[in-house]
Amino acid sequence: MIYKLQFDSLLPYWTVLLQGLLFTIILTTVSTAAGIAVGTAGASARVFGPRWLGRIVVGYVEIIRNTPFIVQLFFIYFGLPAAGIKLSESVAAFLAMVINLGAYSTEIIRAGIEAVPKGHLEAGSSLAMSRVEVLRYIVLRQAFAKVWPALSSQIIIVMLGSSVVSQISAQDLTYAANFIQSRNFRAFEVYLVAALIYLSLAIAVRALLRAIGHRFVSVR
Amino acid sequence: MYEFSVWLIVVNLLKAAEWTVILSLIAFVSGGAVGLILLFARTSHVPWLEGVTKVYIEFFQGTPLLMQLFLFFFGVALFGLEVSPWLAAWLALTFWTSAFLTEIWRGCVESLPKGQWEASSSLAMSYIEQMRYVILPQALRIAIPPTVGFSVQVIKGTALASIIGFVEVTKAGTMLNNATFRPFLVYSLVAAIYFCLCYPLSWYAKKLERRLNVAR
Amino acid sequence: MSLVSIRDLKKSYGPLDVLKGVSIEVAKGDVVAIIGRSGSGKSTLLRCINGLEDYQSGAIIADGIEVGSFKTNLRELRKHVGMVFQQFNLFPHLTAAGNVMLAPTVVNGASKAEAGALADEMLAKVGLSDKNDSYPSQLSGGQQQRVAIARALAMRPKVLLCDEITSALDPELVNEVLRVVEQLAKEGMTLILVTHEMRFARDVGTKLVFMHYGRVHEEGPPKQLFAAPKTPEFTQFISSIG
């Protein structure tokens, strides 16, 4: 009894898929930018900031890394309103992703910063550069070059993890797939197509990040 | 009354957490077994075998775990089999875990000096003999920290099983939230339970890694 | 009848020709020293003999086994042709005895007792009887290389290939290894060595092969060659090594 896969049942809904895909792409892009910014700040604070700040950063990182993303998402979307902060699905999704990526990139970038030889910092300051300038032009440049592959991997992981935001009704690709399969009752085909779209996205993003790495980040 | 209902929530969450632990353990073990087989395939130097394995790894690493859960949940039904959330979750997590573990282990195998391969092959050892007696014993030592580290990802991955109806701690949290309307408390407790499960493993993995780096 | 016969061997890595038609005959009991500049293809040649490298044209026959065709049984070949490496490549998770015993047990099916006795014999032969239970990390470079020799000998090869086996050693440790090799030569083992140890090549070698950019430029008894170089490249090589 071979079940016949009917992919053409998806065709009338291709715009829905496209919209979901667009949402996922935008969500990922914006969250990545903000997440890396958070990570940079966190890593810098941890390495160069006062001890008490470092401890707060460690706490933040460890909590995020040791709890599932979906729980973080639910906490932000369902839990915060109880404390008076009400958010739309998109904003909650964005916030959850930024906080999540921020924690992982803090760790990754921190490793990169600590790999920069101390001599470089000394050279910078003996050239009368301020600590912020040394950080910005010497340390971070090298740190990013070193950890770009690890950071790229994490970005892809977060992008794939974004499928969970469908659970709070944020209208991403997974939400679109859920919608379609509830209408055409072809769940397997719909999710297979969605999975392959995610895969294509992952491959494309990987290539893009590698290109960005070569062009902007690499240190010769 | 207030104290009682918090306690009730905690107890229910902990009971559900048992299922989190059971699913995590079973998926980790079965995922590891599949991962080991894939490792042999991936490093076998047999082109088609390596190719198939690469596609497998690319699929399970490059698609969301949630999609994989849905695919197994709805896909198993296509074969006319009775599908329970437990079965689908176990299958999806097993294959997902195997893809990541095999890549981690492959990295460890490839980090060994080529000379180990050359010396053992010069002693007329076959590929399987090389892997069993020379390569894997050495790779194992290096592989333990990242493998322990990945177990944390498996535990977090079980949270998604809640979406296809498997009752583990996240699902219990959702149900309790619907019953008590105390999301801040409920999800904080859920997070705390995961933290208690994951943090010791994360800490241990880091300790193992540090010890390994010192030993080198 | 040569034990190892190499005929017009040609090998290239992509566009780069590494071996450009090398022919050498090695008789039983020969001690062949292959010398030359780095990049002359010496190591590559050696590694072709036991199948670690493949080649594009020519022929190699080692102990009656054709090397390099797709029907070559590498496992069988390597029971007859052993190799010792520049970087020793001992198995760090096994003791010295463990290293020596592994292949006889796994490949030849020897029992633990037989392999143990064999290991004792081989380690005694290289002068390391008291180091049976030591791990490689506990041994000096010279000791590690001697264990590597014992390990290769445990398979009772007909030919032993030595790829610059003293190049990675501190100078004061070189002699202990050379002495072992010299003893093997006296016992009639067929040896093919890639080496930079000119004194050893001249005193222990029965045949010297000078290679230059993938070709054999000189071949013959060492003392004779050193005394009367025929090619300008060899003359230059001798003078450069002082």
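Note that the coordinates shown come from a computational prediction; the quantities given were computed from them, not determined experimentally.

### Considering the overall build of chain B
Next, step 1: Helix and strand counts for chain B come out as eight helices and zero strands.
Next, step 2: N-terminal to C-terminal, the α/β element order of chain B is α-α-α-α-α-α-α-α.
Next, step 3: Across its three principal directions, the C-alpha atoms of chain B cover 75 × 50 × 20 Å.
Next, step 4: Here chain B holds 216 residues, and the buried ones make up 44% of them.
Next, step 5: Looking at chain B alone, contacts between residues at least 24 apart form 77% of all its contacts between residues at least 6 apart.

### Describing the nonpolar core
Next, step 1: Membership of the largest hydrophobic core comes to 204 residues, with the highest contact counts inside it found for Y191 of chain A together with L69 of chain B.
Next, step 2: Looking at this core element by element, the count peaks at 14 residues for helix 4 (residues 85-110) of chain B.

### Regarding the interface of chain C and chain B
Next, step 1: Facing the 18 residues of chain C at the interface are 14 residues of chain B.
Next, step 2: Going through the elements one at a time, helix 2 (74-80), strand 6 (81-84) and helix 3 (96-106) of chain C are the ones with two or more residues in the side of chain C that touches chain B.
Next, step 3: For the side of chain C that touches chain B, the per-class residue count stands at ten nonpolar, five polar and three charged.

### Regarding the interface of chain A and chain B
Next, step 1: With 32 residues of chain A in contact, the opposing surface of chain B contributes 30 residues.
Next, step 2: When residues in the side of chain A that touches chain B are grouped by element, the largest group, ten residues, is from helix 8 (residues 187-217) of chain A.
Next, step 3: Taken together, the residues of the side of chain A that touches chain B break down into 23 nonpolar, seven polar and two charged.

### As for helix 4 (residues 89-114) of chain A
Think of an α-helix as turning once every 3.6 residues; residues three or four places apart then point the same way.
Next, step 1: Along its 26 residues, helix 4 of chain A runs 37 Å from first to last C-alpha, staying within 8% of the 38 Å computed at 1.5 Å per residue.
Next, step 2: Buried residues dominate helix 4 of chain A, accounting for 20 of its 26 residues.

### Remarks on the packing of helix 7 (residues 173-184) of chain A against helix 8 of chain A
Residues and elements named next belong to chain A.
Next, step 1: For the pair helix 7 and helix 8, interaxial distance at closest approach is 9 Å and the crossing angle is 160°. Viewed along their axes, helix 7 and helix 8 adopt a mutual orientation that is roughly antiparallel. Note on packing geometry: the crossing formed by helix 7 with helix 8 is right-handed. Contacts from L173, T174, A177, I180 and Q181 of helix 7 reach helix 8 at A187, V190, Y191, A194, I197 and Y198.
Next, step 2: Class assignment for the residues of the contact of helix 7 with helix 8 results in nine nonpolar, two polar and no charged.

### Here's the deal with the arrangement of the chains
Next, step 1: Here the protein chains form two pairs of chains in contact, of which the pair with the most contacts is chains A and B.
Next, step 2: Nowhere do chain A and chain C come into contact; their C-alpha atoms are at least 27 Å apart.

### Regarding the sheet that holds strand 6 of chain C
Residue and element names in this part refer to chain C.
Next, step 1: Pairing in this open sheet of six strands is mixed, and the strands run 6-7-8-3-9-10 from one edge to the other. Looking at strand neighbours, the two that pair on one side only are strand 6 and strand 10 (215-220), the edges of this open sheet. Within this sheet the neighbouring strands show an average axis-to-axis angle of 20°, counted without direction.
Next, step 2: When strand 3 (residues 31-36) meets strand 8 (residues 190-194), the two strands line up parallel, connected through four bridges. Paired with V32 across the strands is I192, a residue of strand 8.

Conventions we followed
Residues numbered from 1 in each chain as written. Chains lettered and ligands numbered in written order. Predicted model: local features only at pLDDT ≥ 70, side-chain atom pairs only at ≥ 80, totals over all residues. Helix = DSSP H or I, 4+ residues; strand = E, 2+ residues; numbered from the N terminus. Buried ≥ 20, exposed ≤ 12 C-beta atoms within 10 Å, placed from the backbone. Contact = placed C-beta atoms within 7 Å. Core = buried A, V, L, I, M, F, W, Y, C linked by C-beta atoms within 7 Å. Nonpolar A, V, L, I, M, F, W, Y, C, P; charged D, E, K, R; others polar. Expected span 1.5 Å × (residues − 1). Axes fitted to C-alpha atoms, helices over the stretch in contact; angles between N-to-C directions. Parallel < 35°, antiparallel > 145°, perpendicular 65-115°, else oblique. Left-handed = near helix turned anticlockwise from the far one by under 90°. Pairing = 2+ DSSP bridges.

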